[in-house]
Amino acid sequence: MTEVLRVDPAEPDPKLIARAAECLRGGGLVAFPTETVYGLGADALNRQAIQRVFTAKERPANDPLIIHVAAFDDMVPLVADVPRAARELAARFWPGPLTMVLRRSSHVPDEVTAGLETVAIRVPSHPVARALLERAGIPVAAPSANLFSRPSPTRALHVLADLDGRIDIIVDGGPTNVGLESTVVALSSDPPAILRPGAISLDALRELLPSITAHDTAIRADVAVPSPGMLTKHYSPKTPLLLHEGNRDTALPLMKESARRLIERGHYVVLLAYGEDVDELRSLGVPIVELGHENNPATIAARLYSALRECDELGANVILVRSLTTVHPLSAAIQDRLRRAAHAQ
Ligand code: TXA
Ligand code: MG
């Protein structure tokens with residue numbers, strides 16, 4: 001049985017936090033909200049607990065986990081050295097949605113890093129995550145709390161849907177704020193590289209790391225195992241998703257045309273649509289799941305994974321969506337997740 005502990009996201013009940021923290025200290029699995037998505041936490045230094053995480057998620061063992069710590073100083077024993085760039089990034093972006101990949105120390109079990117010589121670490125900012133980490137007093141490895149290959153969970157309900165009965169506790173702190181996973185930056189490579197785009201944008205990182213490279217280069221830079229966040233079968237709905245790329249003037253007519261063709265052929269189509277497009281798409285007479293307005297990428301990021309799950313639940317056999325064209329710090333991350341969802345098929 002998985003126990004659900006409902007807490008106030010801003011001021012979680014210390015008694016409930018203590019219960020969840022004890023569970024983690026005893027080798028249990030606890031899902032908890034972070035500012036990005038829900039994480040599935042386990043004692044990062046307990047090999048058996050880590051193995052349980054991989055089993056619960058059905059995650060391949062070659063996909064390393066992010067270690068969450070309460071404060072910068074808690075990272076020091078986990079890494080071989082602390083480069084200046086790490087201090088600077090932490091001073092600017094921690095606590096927050098930034099993960100740093102650094103050379104690891106011998107304290108970190110191979111199970112966490114999938115045998116890599118590097119370890120991914122972040123200090124989350126969500127008050128529930130912070131309270132839990134402080135109370136537990138241990139480093140907590142936490143991948144997103146979904147089954148491998150399903151969209152990351154942004155609500156406790158999503159965690160239950162994927163992991164009920166497989167984990168000990170879910171701390172329900174309501175919907176997460178950002179809605180997409182943290183930006184992952186490798187400081188272990190030269191030049192530093194973004195391995196996964198997130199809410200901390202390339203431009204923001206460039207202010208501190210002028211030589212930082214994004215994505216494509218990163219795949220080549222990380223020779224041993226490309227950040228498995230780059231595996232295509234990630235973040236995907238069960239239902240095939242067709243992404244229509246390009247600006248609105250090209251992509252929207254294209255999307256309507258593919259919808260008509262698919263409907264004609266008897267497919268059950270669901271449209272994943274920006275608020276601006278809804279009126280124009282209504283005449284197609286198929287269900288529309290709204291993502292929010294294109295000019296407000298923060299709401300789209302917060303809704304995206306939830307919306308993908310809704311599309312699945314409608315029982316459609318194809319989802320149609322178009323690219324986000326707005327220029328915004330979150331645009332790269334949203335576009336990245338749409339592409340992954342589309343390429344998963
Ligand atoms: O926002 C987030 O980062 C969430 C919350 C719970 O903190 N966590 C999350 O974890 O998204 P997960 O396991 O779903 O994604 C971890 C990503 C994967 O892409 C993984 O490959 C990468 O971080 N990663 C972990 N350790 C790494 C390493 N040593 N080198 C390169 N990439 C690494
Ligand atoms: Mg994940």
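Structure: see above.
Residues numbered from 1 in each chain as written. Chains lettered and ligands numbered in written order. Predicted model: local features only at pLDDT ≥ 70, side-chain atom pairs only at ≥ 80, totals over all residues. Heavy atoms only, no water.

### Structural notes on the overall build of the protein chain
Secondary structure assignment for the protein chain yields twelve helices and 15 strands. For a compact globule of 345 residues, the expected C-alpha radius of gyration is about 20 Å, and the protein chain comes in at 20 Å, within 12% of that figure. Once the C-alpha set of the protein chain is aligned to its principal axes, its extents read approximately 60 × 50 × 35 Å. The buried share of the protein chain, taken over its 345 residues, is 58%. Excluding contacts between residues fewer than 6 apart, the proportion of contacts in the protein chain whose partners are at least 24 apart in sequence is 68%. Accessible area of the protein chain: about 14,300 Å², with a carbon and sulfur share of 52%. (Helix = DSSP H or I, 4+ residues; strand = E, 2+ residues; numbered from the N terminus. Rg over C-alpha atoms; globule rule 2.2 N^0.38 Å. Buried < 20%, exposed > 50% of the residue type's maximum accessible area, 1.4 Å probe, protein only. Contact = heavy atoms within 4.5 Å. Areas by Shrake-Rupley, 256 points an atom, 1.4 Å probe, with all protein chains shown as cover.)

### Quick word on the sheet that holds strand β1 (residues 3-6)
The mixed open sheet is built from eleven strands, whose spatial order is β1-β8-β2-β3-β7-β4-β6-β5-β9-β10-β11. One side of each edge strand has no neighbouring strand; the edge strands of this open sheet are β1 and β11 (213-214). Strand direction decides the pairing type here: strand β3 (residues 38-43) and strand β7 (residues 140-141), joined by two bridges, are antiparallel. Bridging from a neighbouring strand, D43 pairs with V140 of β7. In the packing of helix α1 (residues 14-25) onto the sheet, the strands contacted are β1, β2 (30-33), β3, β7 and β8 (169-172), and the crossing angle to β1 comes to about 140 degrees. Packed onto the sheet, helix α6 (residues 156-163) meets β1, β2, β3 and β8 and runs at close to 165 degrees relative to β8. (Pairing = 2+ DSSP bridges. Axes fitted to C-alpha atoms, helices over the stretch in contact; angles between N-to-C directions.)

### Re helix α2 (residues 47-57)
When we look at burial in α2, the residues that qualify are A49, I50, V53, F54, A56 and K57. Viewed along the axis of α2, the buried residues span an arc of 165 degrees, placing them on a single side of the element. Exposed residues pointing more than 90 degrees away from the buried face of α2 are listed as Q48 and T55. Buried positions along α2 lie against β3, α4 (110-113), β7 and α6. Of the residues trailing α2, E58 is marked for its positive phi of about 55 degrees. (Arc of directions from axis to C-beta.)

### Points about the sheet that holds strand β13 (residues 269-274)
Hydrogen bonds between backbone atoms are what pair the strands of a sheet, whose relative direction is either parallel or antiparallel. Ordered by their spatial adjacency, four strands build an open sheet running β12-β15-β13-β14, and the pairing between neighbours is parallel. For this open sheet the edge positions go to β12 (241-244) and β14 (288-292), each flanked by a neighbour on one side alone. Neighbour to neighbour, the strand axes of the sheet diverge by 20 degrees on average, direction disregarded. As defined by bridge partners, β13 adjoins strand β15 (residues 318-322) across three bridges and the pair is classed as parallel. The residue of β15 that forms the bridge with V269 is V318. Along the sheet, helix α11 (residues 297-313) makes contact with β12, β13, β14 and β15, crossing β14 at roughly 160 degrees. Along the sheet face, helix α12 (residues 331-343) touches β12, β13 and β15 and points at about 135 degrees away from the line of β12.

### Some remarks on the pattern of salt bridges
On inspection of all chains with the given rule, the structure shows 27 salt bridges. The shortest N-O distance in the salt bridge between R52 and D168 comes to 3.4 Å. With R52 in helix α2 and D168 in the loop between α6 and β8, this pair connects stretches of sequence that are 116 residues apart. Residues R339 and E245 are paired through a salt bridge, measuring 2.9 Å at the closest nitrogen-oxygen approach. Within this pair, whereas R339 is found in helix α12, its partner E245 is found in the loop between β12 and α9 (248-264), the two being separated by 94 residues in sequence. The exposure class assigned to R339 is partly exposed, which follows from its relative accessible area of 36%. A residue is classified by how much of its surface remains accessible, and E245, at 36% relative accessible area, is partly exposed. When salt bridges that share partners are traced, they join R248, K256, D277, E280, E294 and R322 into one network. (Salt bridge = Lys/Arg side-chain N within 4 Å of Asp/Glu carboxyl O.)

### A short note on α12
Taking 1.5 Å per residue, 13 residues should reach 18 Å; α12 reaches 18 Å between its end C-alpha atoms and fits that length. With respect to burial, α12 is a largely interior element, ten of its 13 residues being buried. Considered for burial, the residues of α12 that qualify are S331, A333, I334, Q335, D336, R337, L338, R340, A341 and A342. (Expected span 1.5 Å × (residues − 1).)

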